[in-house]
There are 2 protein chains.
Amino acid sequence: MTDIPVVENVLKHNDEFAQLNRDALRAAGVSCVNLIGSPGCGKTLLLEKTLRSLRGEFRVGVLTGDIATTRDAERLAAYCEHVGQINTGGGCHLDANQVRQGMKALPLADLDLLIVENVGNLICPVGFDLGQDAKVGMFSVPEGADKPAKHPRIVLEAGLLLLNKIDLMPYVPFDFDVFLHDLRSIRADVELMQLSAASGDGVDDWMDWLRRFVAMKKEARAACTT
Amino acid sequence: MTDIPVVENVLKHNDEFAQLNRDALRAAGVSCVNLIGSPGCGKTLLLEKTLRSLRGEFRVGVLTGDIATTRDAERLAAYCEHVGQINTGGGCHLDANQVRQGMKALPLADLDLLIVENVGNLICPVGFDLGQDAKVGMFSVPEGADKPAKHPRIVLEAGLLLLNKIDLMPYVPFDFDVFLHDLRSIRADVELMQLSAASGDGVDDWMDWLRRFVAMKKEARAACTT
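These figures come from a predicted structure and were not determined experimentally.

About the cut-offs
- Residues numbered from 1 in each chain as written.
- Chains lettered and ligands numbered in written order.
- Predicted model: local features only at pLDDT ≥ 70, side-chain atom pairs only at ≥ 80, totals over all residues.
- Heavy atoms only, no water.
- Contact = heavy atoms within 4.5 Å.
- Buried area = accessible area lost by both parts, 1.4 Å probe.
- Salt bridge = Lys/Arg side-chain N within 4 Å of Asp/Glu carboxyl O.
- Polar contact = N/O pair within 3.5 Å; in protein donor to acceptor, adjacent residues only side chain to side chain.
- Helix = DSSP H or I, 4+ residues; strand = E, 2+ residues; numbered from the N terminus.
- Least-squares fit on C-alpha atoms with pLDDT ≥ 70 in both.
- Buried < 20%, exposed > 50% of the residue type's maximum accessible area, 1.4 Å probe, protein only.
- Arc of directions from axis to C-beta.
- Pairing = 2+ DSSP bridges.
- Axes fitted to C-alpha atoms, helices over the stretch in contact; angles between N-to-C directions.
- pLDDT = per-residue confidence, 0-100.
- Disulfide = S-S within 2.5 Å.

A.B. asks: Provide a residue-level description of the interface of chain A and chain B, including the pertinent values.
C.D. replies: In this complex, chain A contributes 35 residues to the contact, which on the side of chain B involves 35 residues. Counting the surface lost from both chain A and chain B, the interface buries some 2,600 Å², and carbon and sulfur atoms represent 64% of this. Summed over the three residues of chain A that lose the most area to chain B, namely A:P39, A:I123 and A:K150, the buried surface amounts to 23% of that side. At the junction of chain A with chain B, the criterion picks out six salt bridges. Residue B:R71 is joined to A:D182 by a salt bridge in which the shortest nitrogen-to-oxygen separation is 2.7 Å. On the surface where chain A and chain B come into contact, there are six residue pairs in polar contact (both at pLDDT 80 or more). For the side of chain A that touches chain B, the secondary structure elements donating two or more residues are α1 (3-28), α3 (71-77), α5 (147-150) and α7 (176-186) of chain A.

A.B. asks: Could you give me a rundown of the relation of the copies chain A and chain B, with the residues and numbers involved?
C.D. replies: Of the transformation superimposing chain A on chain B, the axial component is 0.0 Å and the angular component is 180 degrees, with the fit at an RMSD of 0.0 Å. Such a combination of turn and shift is consistent with a two-fold rotation axis. Interface residue correspondence from chain A to chain B reaches 100%, placing this contact among same-surface, isologous pairings.

A.B. asks: An account of helix α4 (residues 96-104) of chain B is requested, with residue identities and associated values reported.
C.D. replies: Residue and element names in this part refer to chain B. Here α4 has its buried residues at A96, V99, G102 and M103. All buried residues of α4 lie within an arc of 115 degrees about the axis, which places them on one face of the element. The N-terminus of α4 is capped by D95, whose side-chain oxygen sits 3.0 Å from the backbone nitrogen of N97.

A.B. asks: I'd like to hear about the sheet that holds strand β2 (residues 60-66) of chain B, residue by residue, with values.
C.D. replies: Residues and elements named next belong to chain B. Taking strand neighbours across the sheet as the criterion, the seven strands line up as β3-β2-β4-β1-β5-β6-β7 in an open arrangement whose pairing is parallel. The sheet is open, and its two edges are formed by β3 (83-87) and β7 (192-194), each paired on a single side. Neighbour-to-neighbour, the strand axes of the sheet open up by a mean angle of 20 degrees, direction not taken into account. Of the pairings in the sheet, the one linking strand β5 (residues 134-140) to strand β6 (residues 160-164) comprises five bridges and is parallel in character.

A.B. asks: Please set out the side chain of A:H93 residue by residue, giving values where relevant.
C.D. replies: Mapped onto the elements, A:H93 comes out in the loop between β3 (83-87) and α4 (96-104). Beyond its immediate stretch of four places on either side in the chain, A:H93 contacts A:T88, A:Q98, A:N118, A:V119, A:C124, A:P125 and A:F128.

A.B. asks: Pulling in residues and values, what's your account of the sheet that holds β3(A)?
C.D. replies: All names here are of chain A. In spatial order, the strands read β3-β2-β4-β1-β5-β6-β7; together these seven strands make up an open sheet with parallel pairing. A strand with exactly one partner marks an edge of an open sheet, and here the two such strands are β3 and β7 (192-194). Between one strand axis and the next, the sheet turns through 20 degrees on average, direction left out of account. Sheet topology note: the strand β1 (residues 31-37)/strand β5 (residues 134-140) ladder contains five bridges and is parallel. Within β5, the residue paired with L35 across the bridge is V136. Strands β1, β2 (60-66), β4 (113-117), β5 and β6 (160-164) of the sheet are contacted by helix α2 (residues 43-54), whose axis makes an angle of about 165 degrees with β4.

A.B. asks: How would you explain the confidence of the model for chain A if you had to name every residue and give the values?
C.D. replies: Mean pLDDT over chain A stands at 93; residues scoring 70 or higher make up 95%. Model confidence for the complex is summarised by a pTM of 0.93, with the ipTM given as 0.90.

A.B. asks: Now, about the state of the cysteines: what can you tell me, with residues and values included?
C.D. replies: By the definition in use, this model includes zero disulfides over all chains. Here A:C80 is not disulfide-linked; the sulfur of A:C32 is the nearest cysteine sulfur, at 13 Å. With a relative accessible area of 10%, A:C80 lands in the buried category. Of all cysteine sulfurs, the one in B:C124 lies closest to A:C124, which takes part in no disulfide; the gap is 3.3 Å.

A.B. asks: Give me the lowdown on the environment of A:M193, citing residues and values where you can.
C.D. replies: All names here are of chain A. Considering the arrangement of structural elements, one finds M193 in strand β7. Among the residues examined, M193 registers a relative accessible area of 8% and is labelled buried. In sequence terms M193 and W206 are 13 residues apart; their C-alpha atoms lie 7.4 Å from each other. Every residue in contact with M193, bar those within four places of it in the chain, is listed here: L160, L161, L162, L163, D205, W206 and W209.

Below, the structure is given as structure tokens:
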């Protein structure tokens, strides 16, 4: 009984900060993606490829969350000048206030897209609104086909789901029919994209999704202000 | 400021239940391992092989934690008659009270070893004492070599670390020197075992570790009671 109101308070606080983030992003005309997946599912490698490809097309900022080290930010800084590392000091997810502090270090008015790479964790980050326009959930083939069934919340809340590391299909047991059946049982209409950040297969589809996403958000904002 | 005392309360409660578990396990003469790793790092497959091999040698009970589904318990029940599934209903880790409830469903006095397969999460489960004799941390090759550096707490607290899926080394970029260097920088003396639950390589070493672990705990208990 004692910890229920506490969780509500924490989430209430978080939601207030998330709304501030949402307002700041909207005012600056920035679309925001919150990328969520297990440790080592391939988030950073996909972002390396993404940032390299989008150079000169979009102005992108990245905030990357980790418990420790600045390794992801260092990797991404090779392809993007606006990268911030948020170290949670043991915390298992990014919260909206941490992202708010991170956003202050970015030239928001100069960006089209903010990508938040959450802490590697398929569970806790899902529950914390950061003010993003869409959560993107990432599974990966070596994790096994049972992950959607075991982690239904990311399936329910994602604007897009990625299945990464499809190049490893020949080397691991992965029943795609089970994966897809579970996914569709939880949520029939969720968009799924198969790709390999390592080989590059399917990465163009993800780029096109990002292009449509940014264009759609721009149109929606224009419609709201006219 | 507001949530710090709350966390302390939660952990204090947890520690009380963990001590009750520890007392119950000691009284029943059961050694207990708390297996922690990312979603899909291979915990359940390793336990399938473990339970099959240990049949007739040890009397083993398993409690397996998940957010949703009873799939892991169903898989393990093929090799072990004392398997319980704990569904956390969204919770990102097992706590000591959940394990306490799970233990009540097992014939503790008839067991030598209790294996707790924690929720797939490399972060939150580490902070919650379940009353185990040892935490065993599991990394896997496709997660990448940077995982010890990013998740130092499991390295600091584990009685044994496993690196699973070594059969995938030829197919993914994994710098073992970086992995080992980071590991040893965090904790020079931690025991590391490389294995593949899928191919069976190295699994015998893990079995031998379990044998030594159970024997050592039995000796320690005998020394305490004489």
